[in-house]
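Observations on the model geometry
Each chain, letter by letter, is given below.
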Amino acid sequence: MTEPFVRPRPRAVLPALCATQITGWGILYYAFPVLLPRITADTGWSTARTTAAFTAALLASAAAGIPVGRILDRRGPRTVMTAGSVTGALALVLAATAPGLPQFFAAWLLAGTAMAAVFYQPAFAAITRWHRPDHVRALTTLTLAGGLASTVFAPVTAALADHLHWRTVYLALAAVLTAVTVPLHATTLAHPWPDPPPPAPGTPNGQHPSPARTRPFLMLATALALSGFAMFAVVFGLIPLLTERGAGPTAAAWALGLSGLGQTLGRTLYAAFAARTTVTTRTALLIAAGGATTALLAAVPGPIPLLVALAILAGAVRGNLTLLQATAVTDRWGTTAYGHLSALLTAPATIAGALAPWAATALAPALGGQTHLFAALAALSLLAALAALHGTPITTAVE
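The following refers to the structure shown.

Conventions used here
Residue numbers here run from 1 along each chain, matching the order of that chain's written sequence. For a predicted model such as this one, the threshold for reporting local features is a pLDDT of at least 70, and the threshold for listing and counting side-chain atom pairs is 80 or more; totals across whole chains, interfaces and linings nevertheless cover every residue. Side-chain figures throughout are based on the complete set of non-hydrogen atoms in the structure, without hydrogens or water. Put simply, DSSP marks the helices as runs of H or I at least four residues long and the strands as runs of E at least two long, and each gets a number from the N terminus on. Buried residues are those whose accessible area, probed at 1.4 Å on protein chains only, stays under 20% of the maximum for their type, while exposed residues exceed 50% and partly exposed ones sit between those limits. Polar contacts, as used here, are pairs of N or O atoms within 3.5 Å; protein pairs need one atom able to donate a hydrogen and one able to accept it. Residues neighboring in sequence count only if both atoms are side-chain atoms. Here, residues are in contact when the closest pair of their heavy atoms is within 4.5 Å. The rule is simple: put a 1 Å grid over the protein atoms alone, call a set of points where a 1.4 Å probe fits but cannot get out a cavity, call an open set with protein on both sides within 12 Å along at least five of seven lines a pocket, and count a residue as lining if it has an atom within 4 Å of a point. Grid points are joined across faces, edges and corners, and a volume is the space filled by probe spheres set on the points. Each residue is assigned to one class: nonpolar for Ala, Val, Leu, Ile, Met, Phe, Trp, Tyr, Cys and Pro, charged for Asp, Glu, Lys and Arg, and polar for all the others, Gly among them. Residue types Ala, Val, Leu, Ile, Met, Phe, Trp, Tyr and Cys, when buried and joined through side-chain atoms within 4.5 Å, form a set referred to as a nonpolar core. For this analysis, a ring pair means two rings from Phe, Tyr or Trp (six-membered ring only for Trp) whose centres lie within 6.5 Å, classed as stacked if their planes differ by under 30 degrees, edge-to-face if by over 60, and tilted for the remaining angles. One speaks of a salt bridge when a side-chain nitrogen belonging to Lys or Arg is within 4 Å of a carboxyl oxygen belonging to Asp or Glu.

**Section: the side chain of threonine 188**
Considering the arrangement of structural elements, one finds threonine 188 in helix α8 (residues 166-188). On the basis of relative accessible area, threonine 188 is assigned to the buried category, the value being 16%. Within the local environment of threonine 188, its side chain forms a polar contact with the backbone oxygen of leucine 184, the two atoms lying 2.5 Å apart. Once residues within four sequence positions are removed from consideration, threonine 188 is found in contact with Ala12, Val13 and Ala16.

Quick look at the structure:
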């Protein structure tokens, strides 16, 4: 239906959020797996315990995401994302100067609250509200840029770590995060926050109970959680998998970075794929494709260039899964209460993704190495695809 109001579309928002997503993800997320071996070697902390600090950050992000979503729906993204940028930079300073593991944990818990305020979910909410009805195109552009985060910052972090102590690297990255994201969030997101469209049936304040209470919503959340666990475990297991098969640390970091380039390339195909598939079909197919690439990484022993190519392919699928998640609510239930519903839908996936780095680190030795771990993750993705087939909404979005 035709909307009864004209939605302002500030031009600076999309390019600014592209820049801040690259910087935020690159520094707060992708720098950690690159620096992890150096942190453990320098401090003597075990890999499992050090990774658990990062897991705690992602769990904190999942917990903070729901209240952040409510604030976004009411007040818009400016205050949330600016405060998140400042908090993230402070957390990195505290992590860099932590004298012991407890202080390191505390710093990453603070970083987790920042992630909830600066990563994709608040940016998706801003784009969805400001750019409807062309929000899919804008979301594609945003995630195309965001996919470059590992491509830019994994090699940059590795290069810095070759010349600087890991603590100094994090201090430098905190400065970059502050310089790039704080002013962009504070200035470009100052545009008036438009009112949401009228609620569609099946949405909060509509004619039926909230979709969050329905079986399709729960099944979709389950599918995204299982898939998210597998995909995030692959991200953190990629460097150990490659080094286990003979790659050097720098080559492995470049492979992780190039997988981010694969995300960017893959997202260019999403709009055409979405136009030719139903929402349930594309959800199941993309999750299954993620499992297939994981299975290939498990089955192919080398050479390293071939494994890098597979990592790029896995990144392409992962990039499409990000867009799938970004549009999951609007494709099924419209944009009313997008921030809150999206936070509820993705919270299990965020928790699963939070547990993935620690679980991958703990499970790999028990399963006999990265190869067997990746095979298990491929099977988990298959289960997720089956769950996605039961995520058909009772009602679809009315536009």
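Moving on, there is more to tell.
**Remarks on the side chain of asparagine 320**
As for its placement among the helices and strands, asparagine 320 is situated in helix α13 (residues 304-333). Judged by relative accessible area, asparagine 320 falls into the buried class, the value being 8%. Reaching out from asparagine 320, the side chain makes a polar contact with the backbone oxygen of alanine 316 at a distance of 2.9 Å.

**Section: the layout of surface pockets**
Each pocket or cavity is described by its volume, and for the largest pocket that value is around 420 Å³. Where the lining of the largest pocket is concerned, the elements lending two or more residues are α1 (13-43), α9 (215-244), α10 (249-267), α14 (338-367) and α15 (370-388). Considered class by class, the residues forming the lining of the largest pocket number 16 nonpolar, seven polar and one charged.

**Some thoughts on empty space enclosed by the protein**
Following the criterion strictly, the structure yields four cavities of 30 Å³ or more and no others. Quantified by volume, the largest cavity comes out at close to 750 Å³. For the largest cavity, the lining is made up of 41 residues, of which Trp25, Tyr120, Phe232, Gln325 and Thr350 are closest to its centre. By residue number, the principal contributor to the lining of the largest cavity is α14, which donates nine residues. Residues belonging to the lining of the largest cavity are distributed by class as follows: 23 nonpolar, 16 polar and two charged.

**Some details on the nonpolar core**
Ranked by internal contacts, the top residues of the largest apolar core, which has 116 residues, are Leu17, Tyr29, Phe32, Phe104, Trp108 and Tyr170. Looking at this core, the element that brings in the most residues is α1, giving 16 residues. Those residues in contact with tyrosine 170, other than ones at most four positions away along the chain, are Ile27, Ala31, Phe32, Leu35, Ile39, Leu92, Ala96 and Trp108. Listed in part, the 10 residues of the second largest apolar core include Phe217, Leu224, Trp333 and Ala349.

**Quick look at the packing of aromatic side chains**
Taken as a whole, this structure holds 16 aromatic pairs when the rule is applied. Look at phenylalanine 104 and tryptophan 108: their rings are 6.3 Å apart centre to centre, the planes differ by 65°, and that puts the pair in the edge-to-face class. Of the two residues, phenylalanine 104 and tryptophan 108 both sit in helix α4 (residues 101-118), four residues apart, roughly one turn of that helix. Summarising the burial analysis for this pair, phenylalanine 104 and tryptophan 108 share the class buried. A ring pair is formed by phenylalanine 104 and tryptophan 166, whose centres lie 6.2 Å apart and whose planes are at 85°; its orientation type is edge-to-face. Note that phenylalanine 104 is positioned in helix α4 and tryptophan 166 in helix α8, a separation of 62 residues in sequence. Like phenylalanine 104, the residue tryptophan 166 is buried in the burial classification.

**Focus: the pattern of salt bridges**
According to the stated counting rule, one finds one salt bridge in the structure shown. The partner of arginine 38 in a salt bridge is aspartate 162, with the nearest N and O atoms 3.1 Å apart. A residue pair is termed long-range when its members are at least 10 positions apart, and arginine 38 in helix α1 and aspartate 162 in helix α7 (residues 148-163) qualify at 124 residues. Exposure remark for arginine 38: the relative accessible area of 27% places this residue in the partly exposed category.

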